[in-house]
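# Structure assessment
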Amino acid sequence: MSQYQSEINRRRTFAIISHPDAGKTTLTEKFLLYGGAIAQAGIVKGKKNSRAATSDWMEIEKQRGISVTSSVMQFQYEGFCINILDTPGHQDFSEDTYRTLMAADSAVMVIDAAKGVEAQTRKLFKVCAMRDIPIFTFINKMDREARDPFELCEELEKELGLETYPVNWPIGCGKEFQGVYDRGRGEIIHFTSNGGAKAATATEVLLDDPNLDALIGPRLHAQLSDDIELLDGAAAEFDLERVRHGKLSPVFFGSALTNFGVEPFLEEFLRMTTAPLPRTAGELVVDCMDDDFSAFVFKIQANMNKAHRDRIAFLRVVSGRFDADKEVYHVQAGKKIRLSRPQQLMAAEREIIEEAYAGDIIGVFDPGIFSIGDTLCAPGKKFRFDPIPTFAPEHFRRVRSLDTMKRKQFLKGMEQIAQEGAIQIFKTPYTGMEEVIVGVVGTLQFDVLEYRLKNEYNVELYMEGLPYEYLRWIRSADGEPVKEEDLILGTDVKLVEDYKGNQLLLFGSQWAIGWTQERNRDLTFYEFGGGIA
Ligand code: G4P
């Protein structure tokens, strides 16, 4: 059992996901306010046009008003040390979301009460479900006209296949919003609007209080009684085990903007979640309470600060304590290293740290030695955490620099961005170094690539769409490199290499995969690069 038990036990690390505009930033900001990490609202996100953005620091995010990459924030609340991982609100960056979820132990899903489950909610939820982590639902914007709460819960169950347990229940919505009924305590938390002002007041009233009719009005009182009866009869039983396995989602109603229901949500959330979860390394299960330090890299981000041109690797500490003075073993490189400039990030703000514990997320300066999924552990240990799978790209473009004189910057930029895992790059046996084939999961990643190459490397790109949608890594029977002339390929299939020299085929259709496999029986196809690399 770890000597750092009390530090580790108070850690909670979660990711927050939502369709853009559901209120993720506002909710995050309210959490930080409660934790005293920020002093006033509007720090995380400024006014619409400026989007001053603690968590939306990249220019392109500001322009588009979406989160492109995820950022990390830590704050303290009632003895807990909480790490929030913000995730991109757009499906085109779902691979980034997936990596972020690898570093989280639970997820908070924010839903707009007027809209319910939206396109990106569905996509992001799918990514969450792959990890089987607990998912907590916050149904936001109850101070506005909202859909029927039963209908919203039903939608979560039908569309996402996620059973729900309403922890509280709304009384009215919009102008009529009276607060929520806390099912566990049998109490009403009454909401008093401040005419749209930022902080509503909340008072607690028992359900059998004789003044309830006067407080919330006889119609809403009657409706609440009916709703409670229906809920108690029909809704799922609360089962903490099922919550912890991501099978049952506790649902909370509230309004992040007016601050209503945020604190009760945070408190229940902390009560229901656990200390940092273990991670696996093959047969080995690494528990947070193991004394020895271990961590893995889940994200790499270059040029976070344009002035510094630096590159940061984000680590999730899995076990033990990180001590800035001690060397760690970088398993993939087979070397002992001292992590340089370890820091905790509060979006754009950074603070150099001396120590961190299991559950924490830290950023370290990366001189180009880390890759996503790398393991760091105490010297003497050699295990590798299970790799983080990459998503197969679905869109491909041929990319080169418009200005042929900028070949060097072009290649450097492409390689660095590929190392971050923001794109995948390929080359054909015949292309020179002037041209690269880029594969992405969502087309918005091309826009980010174009923008970043221009802003960070001063290179304008020429891009041309390629008609491929699928990819398979290949290996010949004797393990020797395959020659194109020895293969039987249709016109919509292309042989390329990744930057580790592994060969792949790109296909224009699913059908072409089968066709090609039929005619080239000596080849083995792999869906993930991990099968080969
Ligand atoms: P996101 O990060 O999920 O994209 O959403 P964000 O928090 O940026 O919220 C999107 C919009 O919804 C913002 O308005 C925000 O003020 C508003 N909002 C968030 N929570 C609530 C809520 O509980 N009630 C109401 N009524 N509105 C809420 P905006 O007009 O886009 O920005 P701003 O001018 O308010 O900054």
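As a starting point, this report considers the structure included with it. Because the structure is a prediction, the values reported are computed rather than measured.

### Considerations on the side chain of Asp112
Turning to its location among the elements, Asp112 is positioned in strand β4 (residues 106-112). Taking relative accessible area as the criterion, Asp112 reaches 5% and is therefore assigned buried. Separated by 2.9 Å, the side chain of Asp112 and the backbone nitrogen of Ala114 make a polar contact. Those residues in contact with Asp112 that lie beyond four places of it in its chain are Asp21, Ala22, Glu118, Asn140 and Lys141.

### Re the environment of Leu466
Tracing the chain through its elements places Leu466 in strand β27 (residues 461-466). In this structure Leu466 comes out as buried when scored by relative accessible area, which is 12%. When the C-alpha atoms of Leu466 and Gly439 are compared, they prove to be 9.7 Å apart, with 27 residues separating the residues in sequence. Apart from the residues within four sequence positions on either side, Leu466 is in contact with Phe396, Arg397, Arg398 and Ile437.

### Some points on the pairing of strand β28 (residues 470-475)
Looking along a regular strand, one sees the side chains alternate between the two faces of the sheet. As judged from the 4 bridges shared by β28 and strand β30 (residues 503-507), these two strands associate in the antiparallel manner. By the bridge assignment for β30, Leu471 is matched with Leu506. Where β28 lies against strand β31 (residues 524-526), 3 bridges are found, and the strand directions are antiparallel. Bridge pairing in β31 links Ile474 to Phe525.

### Observations concerning the sheet that holds strand β11 (residues 248-253)
Strand order in the open sheet formed by 7 strands is β2-β3-β1-β4-β5-β11-β6, and the pairing between neighbours is mixed. The strands lining the two open edges of the sheet, one partner per strand, are β2 (72-77) and β6 (163-166). The sheet shows a mean angle of 30° between the axes of neighbouring strands, direction not considered. In this sheet, strand β5 (residues 135-140) lies alongside β4 in parallel orientation, the contact comprising 6 bridges. Each residue of the ladder has a partner; that of Ala107, found in β5, is Ile135.

### Comments concerning the nonpolar core
Generally speaking, a soluble globular protein has its nonpolar side chains buried in company with each other. Membership of the largest hydrophobic core comes to 63 residues, with the highest contact counts inside it found for Leu85, Met109, Ile139, Met142, Phe253 and Phe298. The two domains that each donate at least three residues to this core are domain 1 (9-69 + 106-272) and domain 2 (279-377). Dropping the residues within four chain positions of it, Met109 is found in contact with Ile17, Thr121, Phe125, Ile135, Phe136, Thr137, Phe138, Leu156, Leu160 and Leu162. Formed by 27 residues, the second largest nonpolar core is a distinct cluster that contains Phe14, Phe75, Ile82 and Phe269.

### A short note on the side chain of Thr258
With respect to the helices and strands, Thr258 occurs in the loop between β11 and α10 (262-272). According to the relative accessible area criterion, Thr258 is buried, its value standing at 5%. Here Ser255 takes part through its side chain, which lies 2.6 Å from a polar atom of the side chain of Thr258.

### Let's talk about the environment of Gln301
In this fold, Gln301 is placed in strand β14 (residues 294-302). On a C-alpha basis, the gap between Gln301 and Glu420 in space is 5.9 Å, while along the polypeptide they are 119 residues apart. At 3.4 Å, the side chain of Gln301 and the side chain of Lys299 are in polar contact.

### Focus on helix α13 (residues 510-519)
For α13, the full list of buried residues reads Ala512, Ile513 and Thr516. One face of α13 carries all of its buried residues, which in axial projection span an arc of 110°.

The rules behind each value
Residues numbered from 1 in each chain as written. Predicted model: local features only at pLDDT ≥ 70, side-chain atom pairs only at ≥ 80, totals over all residues. Heavy atoms only, no water. Helix = DSSP H or I, 4+ residues; strand = E, 2+ residues; numbered from the N terminus. Buried < 20%, exposed > 50% of the residue type's maximum accessible area, 1.4 Å probe, protein only. Polar contact = N/O pair within 3.5 Å; in protein donor to acceptor, adjacent residues only side chain to side chain. Contact = heavy atoms within 4.5 Å. Pairing = 2+ DSSP bridges. Axes fitted to C-alpha atoms, helices over the stretch in contact; angles between N-to-C directions. Core = buried A, V, L, I, M, F, W, Y, C linked by side-chain atoms within 4.5 Å. Domains from an automatic or database assignment. Arc of directions from axis to C-beta.

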